[in-house]
Amino acid sequence: MGPTDRTKIVSDDTSSEFPINIVRTNRRKTISIGVAEGKVRVLVPKRISEKEISQIIDKKLPWIRDKIRAQSQIIPVKPTEYVTGSNFMYLGKNYKLKLITNGFEQVKLLNGCFVLGVNDCAKDNNQQNIVREKLVDWYFRQSEKHLRKRTEFYGKILGVEPKKIQVKQYKSRWGSCSAKGDIGYNWTIIMAPNHVIDYIVVHELSHILEHNHSPAFWLRVEGIIPNYKLSRDWLKNVRNLAI
């Protein structure tokens, strides 16, 4: 049996922030709140009064705002063309690609643009493959430098030191920590905002102390990154970073 009644009720405190859709249903015994694309959907049992609903929503406002804030930071990144004007993300911000005939042999980040030299004689498909390879190489090198630096920083705070730090190409993970204490990072994480990168670093370092995702593990993460759930939500929503 589906929802039996739909109404929109928004308190004066929240109406200017986001729409809230209240869905009454016979199937649910508890209230469920979901956030998607800046909108809030609340499933409630028919027996609960509007006053009770408003009180529960008011209590959950910090969580709702955090969810909306995390989702608003997500910028879809998967350009299909490696040509002047295409956007590529780095540390959470978008930068345009600028190709210059007989310019730099390697990618450089200058004046808010990724700048790279190209050969006018190269065929379009071949040139785009070369541009992509140059971009990946640049990202990889930036990832190694940045992630090693942040790992050393947070390692001192946590009192741990990885046996080995590697930047790799993973298909479905952002990082890993082996039983021996070897840490691996997906190079694509360098596209994410700094707070997300730091969360990944602290997450993997914490696994040296807690080889699981137990409450003790999350307490360690929270002790260093109090708002780690915002970064975790960002990663869940972005799903994949690619060029």
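Trainee: Just give me the short version of helix α1 (residues 50-72), but keep the residues and values in it.
Mentor: If you check α1, its first and last C-alpha atoms are just 29 Å apart, much less than what 23 residues at 1.5 Å a residue would give, namely 33 Å. Lys-60 marks the point of greatest bend in α1, at about 55°, and the proline Pro-62 comes within the next four residues. Considered for burial, the residues of α1 that qualify are Ile-53, Ile-57, Leu-61, Ile-64, Lys-67, Ile-68, Ala-70 and Gln-71. On its buried face, α1 sits against β2 (20-25), β3 (32-36), β4 (39-45) and α5 (228-238).

Trainee: I'd like a rundown of the layout of surface pockets, residues and numbers included.
Mentor: A volume near 200 Å³ is recorded for the largest pocket. If you go around the largest pocket, the residues you meet are Trp-63, Asp-66, Lys-67, Glu-222, Pro-226, Asn-227, Tyr-228, Lys-229, Leu-230, Arg-232, Asp-233 and Lys-236. Elements that contribute at least two residues to the lining of the largest pocket include exactly α1 and α5. With six residues, α5 is the single largest residue contributor to the lining of the largest pocket. Classifying every residue of the lining of the largest pocket gives four nonpolar, one polar and seven charged.

Trainee: Requested: an account of the pattern of salt bridges, with residues and values cited.
Mentor: In total, this model carries four salt bridges according to the counting rule given. With a closest N to O distance of 3.0 Å, Arg-150 and Asp-198 form a salt bridge. Residue Arg-150 is found in helix α2 (residues 124-158), and its partner Asp-198 is found in helix α3 (residues 194-209); the two are separated by 48 residues along the sequence. Of the two residues, Arg-150 and Asp-198, both sit in the buried class. Arg-220 is the partner of Glu-210 in a salt bridge, and the nearest nitrogen-oxygen pair spans 3.2 Å.

Trainee: Break down the packing of aromatic side chains for me, with residues and values.
Mentor: Where two aromatic rings form a pair, the distance of their centres and the angle of their planes describe that pair. Considering all chains together, one arrives at twelve aromatic pairs under this definition. Both rings, one in Tyr-95 and one in Phe-114, keep their centres 5.8 Å apart while their planes meet at 65°; by these two values the pair is edge-to-face. Taken as a pair, Tyr-95 in strand β6 (residues 93-101) and Phe-114 in strand β8 (residues 113-118) lie far apart in primary sequence, 19 residues in all. On the basis of relative accessible area, Tyr-95 is assigned to the buried category, the value being 17%. A relative accessible area of 0% means that Phe-114 is categorised as buried. Between Tyr-139 and Trp-187 the ring centres are 6.0 Å apart and the planes differ by 35°, which places this aromatic pair in the tilted class. Residue Tyr-139 is located in helix α2, and its partner Trp-187 is located in the loop between β11 (182-186) and α3; the two are separated by 48 residues in the primary sequence. What makes Trp-187 buried here is its relative accessible area of 4%. Ring-pair connections join several aromatic residues into one group, and the members of that group are Tyr-90, Tyr-95, Phe-114, Trp-138, Tyr-139 and Trp-187. For Lys-108, the ring lying beneath its charged end belongs to Phe-104, and the centroid distance is 5.4 Å.

Trainee: Would you mind going over the sheet that holds β8 in detail, with residue names and values included?
Mentor: One open sheet holds the four strands; their spatial order is β5-β6-β8-β7, and the pairing between them is mixed. Either end of the sheet is taken by a strand with one partner, and the two such strands are β5 (87-90) and β7 (108-110). Direction aside, neighbouring strands of the sheet carry axes that sit 40° apart on average.

Conventions we followed
- Residues numbered from 1 in each chain as written.
- Predicted model: local features only at pLDDT ≥ 70, side-chain atom pairs only at ≥ 80, totals over all residues.
- Heavy atoms only, no water.
- Helix = DSSP H or I, 4+ residues; strand = E, 2+ residues; numbered from the N terminus.
- Expected span 1.5 Å × (residues − 1).
- Bend = angle between axes of the 7 residues up to and from the residue.
- Buried < 20%, exposed > 50% of the residue type's maximum accessible area, 1.4 Å probe, protein only.
- Contact = heavy atoms within 4.5 Å.
- 1 Å grid on protein atoms, 1.4 Å probe; cavity = no way out; pocket = protein on both sides within 12 Å on 5 of 7 lines; lining within 4 Å.
- Points joined across faces, edges and corners; volume = space filled by probe spheres on them.
- Nonpolar A, V, L, I, M, F, W, Y, C, P; charged D, E, K, R; others polar.
- Salt bridge = Lys/Arg side-chain N within 4 Å of Asp/Glu carboxyl O.
- Phe/Tyr/Trp six-rings, centres within 6.5 Å; stacked < 30°, edge-to-face > 60°.
- Lys NZ or Arg CZ within 6 Å of the ring centre and 35° of its normal.
- Pairing = 2+ DSSP bridges.
- Axes fitted to C-alpha atoms, helices over the stretch in contact; angles between N-to-C directions.

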